[in-house]
Amino acid sequence: MTTTRLRATTLACTLFLLVLAALSVWTVLPPSPQGSDAPATDFSAERAFDVVEAVGTEVHPHGTPANDEVRDHLVQRLEELGLAPEVVDGVGMYGALGSQSRVAATRNVVATVPGTDPTKPLFLMAHYDSAEVSYGGNDDGAGLATILESVRALGEGPALRNDVVVVLTDAEEACLCGAEAFAGADPRAADGGVVLNFEARGSGGPAIMFETSDGNADLVAAYADVPYPVGSSLAVEVYRILPNDTDFSPFLDDPEGRFTGLNTAYIDGSAAYHSPQDTPDRMSLGSLQHHGSNALALVRTLGDADLAALSAPSSTDATYFPLPGRMLATYPGWLVWPLALGALGAVGALAVLVVRRRSDDGTRLVSPGRLALGIVSALLPLVGAVLGAMGLWWLMVAVRPGYGELIDPWRPWAFRVALLGIVALVVTGWFVGLRRRLGVAALAVGALTWLAVLGVVLALAAPGGSYLAALPALAGAVAGIVAPGRGAVGRTVAVTAGTAVGVVVLTPVLMLFFPALGLATGAAPAVVAALLGLALVPVLAVALGRRAGRWVVGACGALTVGALVVGFAVDTFDAEHPQPTALGYALDADTGDAWWVSDEVAPGDWTSQYVDGRSALSPQFPPLHDDVWVGTAEVADLPAPVVEAVDDTTAGEERTLTLRIRPGDGEIGTAGALRYVDVSGAPMAPGTVRSATVAGREVPVEPAGVLDTRYYAPGADGVEVTVTVPAGSDVELRVVAAGGGLDGLPGFVERPAGVGVAGSHTAELVLVGTTVVL
């Protein structure tokens, strides 16, 4: 009877954990989209999709006639909503000292929904330009549709307390310049406020609140009230150390600290990101609904809040993560260290109790030596998970080299399952292989030890991520402390309760890390999966018999192999899911030399027709990386940029030279408008470039006195550049004009079906460079 009861309890506990894991997955999935017949006060993805279809009909990068048409359409939409939109001209600049400065003339669309008793404004922001070869259906048609449908729904209800300022920015893909121009020069931004930015880096998945301003506790508390909250303070910590930027960045970088805010995006389906495949028909309406439902609820909450208080940082960041039931758990940052140290102390106490436990004949059940080996051995699953993830990606690229240009395949789910199978194989293989030699208690304590240690490490390095390891370690250790003396059934229940915390905490983050970092950097989700495996070790200790353990290890291996076979069979390159290629063309107008260039990791068969080795062309063409694939090309009849001296004045010890840099006669590439002109150089005599302006904006000059700047979409009139150097110095400038579109270049052959253009700012790039001395 006791054995039967134990088996029933074990089965029930196992099912409980599986259901809990399923609920944890469900809680981060997008909701079902609402149709056009949804209540007028609700957000409807079907209604919002009209905006996506309108703005995503053409490729529309900054400075193109197509982008002008998108802007005109957005103005018309806002007018139909009863607003009075303005098109605000400005010049934005983004780039710090020591990096390239990027400048663009921008035309933001700004409109205000007036509040009844404003405190400070709430800014709703998305960008309307697309990447160079993209239709922008998702990026950022999703953000535009989210804002416009939310504003429509707001108009169906009572007026809010605060002004809601709609900011549809220009030139985000180029340089974040529209956002910088608004934050720095628009009078509506002068007193600061709260910013909500809406983005998409893919074609589906949950809308994740992935970035916040510092001191986010109060804003996170407001976000927790949205209907489908998905976010993790770990994601915020990770994003803060990444080099990625969005329109949110100029507001975060504001030197006066006038703004706080939240940044939200859906990020799955990244193979379409910035590519010609980012079309409206690829958008997940569930993802758009997720974006919009949360946005509308958050606008209503913040629209009636005291934004004068919320626009200042809170005293601390919050720790937060999803809970089953579409909830967000939050606790203040000051609890991070008590919980991390508490987990470490609890695991230490469990280790002492385990060593002190004795059998009926008085012998220790676990010796200190075996416990130490158990702790050391628990590193194996973590290391094995990382190596397994790296090996999986190596295999995928070896079988299908085109994957090397992506962070995720077009259809990644089978490969994600394979990665989970690898991690499960590593964890169960470690446990089953060592449990007889070291004992299950030593392995369980070892697993919890590394969770606790990682919790402390994260508390020091990334406090918002400490919960990921500290909470499972604390719960598992407490369960281990209270379990002895409760009988086999009681121990099983106690251990399951402790393990449940790990399932709830780690499963959603695992689901979010897969699309966020992709299989190309699969070591990150693999580590999270390994942490989940370590948290499950106490349950494995009570649930897996000797024979069952071997079967489980075998099943994990079979799952891995089966998922790989399915992945390779299902995810093939075709016309709808092409192999990405990145090919460009560079012409030195001074020497008459020309090259095909590619920054692909390993050129595929199509690209290899053009390039045959690596070379550093960056001295002639600064927009290129230091080491790219190159091949000799026929010289095309392309115009070089023209540099004209407008004014040349020497006063005292300084020479001020004003230049106009404009495109030459004719087009560079077949994509129409010039993408940018890139200007770099230094004085030829001793001394430095002391200052410089581009289109009237002062740009940073490197400490060595080297100018490195770029101006986007210069138009026929070009751009005015002013350089101040020591008197008597000549200035040598390398000027590169960048266009787009390879069709018609001598030697270029159209890509066959199944071969496409990579989602890259260097895709289809055509460069023409010249050197001038003035």
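For the structure itself, look to the data block above.
All figures in this text were calculated on a predicted structure; none of them were measured in a lab.

Undergrad: Could you give me a rundown of the state of the cysteines, with the residues and numbers involved?
TA: Inspection of the entire model under this criterion finds one disulfide. The disulfide bridge from C175 ends at C177, spanning 2.0 Å between sulfur atoms. The S-S bond linking C175 to C177 shows a torsion near -130 degrees; that makes this disulfide left-handed. Owing to a relative accessible area of 5%, C175 belongs among the buried residues under this scheme.

Undergrad: Provide a residue-level description of the packing of aromatic side chains, including the pertinent values.
TA: Within the structure shown, the criterion is met by 18 aromatic pairs. Note on F182 and F251: the rings are 6.4 Å apart at their centroids and 45 degrees apart in plane angle, and the pair reads as tilted. One end of the pair, F182, is in helix α6 (residues 177-185); the other, F251, is in helix α9 (residues 248-252), with 69 residues separating them in the sequence. We note that F182, like F251, is buried. Joined through ring pairs, the aromatic side chains of W393, Y403, F415, F568 and F573 make up one cluster. Positioned above the aromatic ring of W26, the side-chain terminus of R326 is 4.4 Å from the ring centre. One cation-aromatic arrangement involves R710 over Y676; the distance from NZ or CZ to the ring centre is 4.0 Å.

Undergrad: Give a detailed account of the nonpolar core, specifying residues and quantitative values.
TA: What tends to happen in soluble globular proteins is that the nonpolar side chains get buried as a cluster. Counting residues in hydrophobic clusters, the biggest one holds 79 residues, and the most contacted among them are M396, W430, L451, Y467, L468 and L506. The contact partners of L451, leaving out residues within four places of it in the chain, are A469, A470, P472, A473, L531, L534 and A535. Counting residues in hydrophobic clusters, the runner-up holds 57 residues, among them V75, V151, Y223 and A305.

Undergrad: Help me get a handle on the packing of helix α13 (residues 368-377) against helix α15 (residues 413-438), residues and values and all.
TA: Each pair of packed helices gets described by two things: the angle between the helix axes and the distance between those axes. Running from N to C, α13 and α15 point in directions that differ by 170 degrees, and their axes come no closer than 11 Å. In terms of their interaxial angle, α13 and α15 are classed as roughly antiparallel. Residue-level inspection shows R370, L373, G374 and S377 of α13 in contact with α15, the latter providing W430, L434, R437 and L438. Of the residues belonging to the contact of α13 with α15, the class tally is four nonpolar, two polar and two charged.

Undergrad: Break down the sheet that holds strand β15 (residues 642-651) for me, with residues and values.
TA: Ordered by their spatial adjacency, five strands build an open sheet running β15-β16-β21-β18-β19, and the pairing between neighbours is antiparallel. Strands at the two margins of the open sheet, each flanked by one partner only, are β15 and β19 (697-698). Where β15 and strand β16 (residues 654-662) come together, nine bridges link them in antiparallel fashion. Paired with V642 across the two strands is R662, which belongs to β16.

Undergrad: I'd like a description of the pattern of salt bridges, backed by residues and values.
TA: When their charged atoms lie close together, side chains carrying opposite charge are able to pair. Counting across every chain of the model gives 25 salt bridges. Residue R71 pairs with D68 through a salt bridge whose shortest N-O separation is 2.9 Å. Within this pair, R71 and its partner D68 are both found in helix α3 (residues 65-80), separated by three residues, close to a single helical turn. The partner of R188 in a salt bridge is D186, and the shortest N-O contact between them spans 2.9 Å. Members of the salt-bridge network, linked through shared partners, are R47, E149 and R152.

Undergrad: Summarise a nonpolar patch on the surface; cite the residues concerned and give the values.
TA: A cluster of nonpolar side chains, V19, L23, W26 and L29, forms an exposed patch at the surface whose accessible area comes to about 350 Å². Looking at the element boundaries, W26 is found in helix α1 (residues 2-26). Relative accessible area serves as the criterion here: at 40%, W26 is assigned to the partly exposed category.

Undergrad: Break down the pairing of strand β21 (residues 719-726) for me, with residues and values.
TA: Among the eight residues that make up β21, seven are buried, leaving the element largely enclosed by the rest of the structure. Two strands pair when backbone bridges link them, and β16 and β21 are joined in this way by eight bridges, in the antiparallel orientation. The residue of β21 that forms the bridge with L659 is V721.

Undergrad: How would you summarise the packing of helix α4 (residues 141-154) against helix α10 (residues 285-303) if you had to cite specific residues and measurements?
TA: Two elements in contact, α4 and α10, have axes whose closest approach is 9 Å; the angle formed by their N-to-C orientations is 45 degrees. It follows that α4 is oblique to α10 by the angle criterion. Note that α4 runs across α10; the crossing there is right-handed. In contact with A142, A145, T146, S150, A153 and L154 of α4, α10 contributes L288, H291, G292, A295, L296, V299 and R300. For the contact of α4 with α10, the residue count by class is eight nonpolar, four polar and one charged.

Undergrad: I'd like a description of unusual backbone geometry, backed by residues and values.
TA: The linkage connecting D139 with the following residue, D140, adopts the cis geometry, with an omega of 10 degrees. Examined against the element boundaries, D140 turns out to sit in the loop between β3 (122-127) and α4. Unlike most non-glycine residues, A171 shows phi in positive territory, near 60 degrees. With respect to the helices and strands, A171 occurs in the loop between β4 (164-169) and α5 (172-175). When its relative accessible area of 0% is taken as the criterion, A171 is described as buried. For A695, which is not glycine, the phi torsion reads 55 degrees and is therefore positive. Looking at where A695 falls in the secondary structure, it is placed in the loop between β18 (691-694) and β19.

So, how was this worked out
Residues numbered from 1 in each chain as written. Predicted model: local features only at pLDDT ≥ 70, side-chain atom pairs only at ≥ 80, totals over all residues. Heavy atoms only, no water. Disulfide = S-S within 2.5 Å. Buried < 20%, exposed > 50% of the residue type's maximum accessible area, 1.4 Å probe, protein only. Phe/Tyr/Trp six-rings, centres within 6.5 Å; stacked < 30°, edge-to-face > 60°. Helix = DSSP H or I, 4+ residues; strand = E, 2+ residues; numbered from the N terminus. Lys NZ or Arg CZ within 6 Å of the ring centre and 35° of its normal. Core = buried A, V, L, I, M, F, W, Y, C linked by side-chain atoms within 4.5 Å. Contact = heavy atoms within 4.5 Å. Axes fitted to C-alpha atoms, helices over the stretch in contact; angles between N-to-C directions. Parallel < 35°, antiparallel > 145°, perpendicular 65-115°, else oblique. Nonpolar A, V, L, I, M, F, W, Y, C, P; charged D, E, K, R; others polar. Pairing = 2+ DSSP bridges. Salt bridge = Lys/Arg side-chain N within 4 Å of Asp/Glu carboxyl O. Patch = residues over 30% accessible without salt bridge, like charges linked within 9 Å, V, L, I, M, F, W, Y side chains within 5 Å. Areas by Shrake-Rupley, 256 points an atom, 1.4 Å probe, with all protein chains shown as cover. Left-handed = near helix turned anticlockwise from the far one by under 90°.

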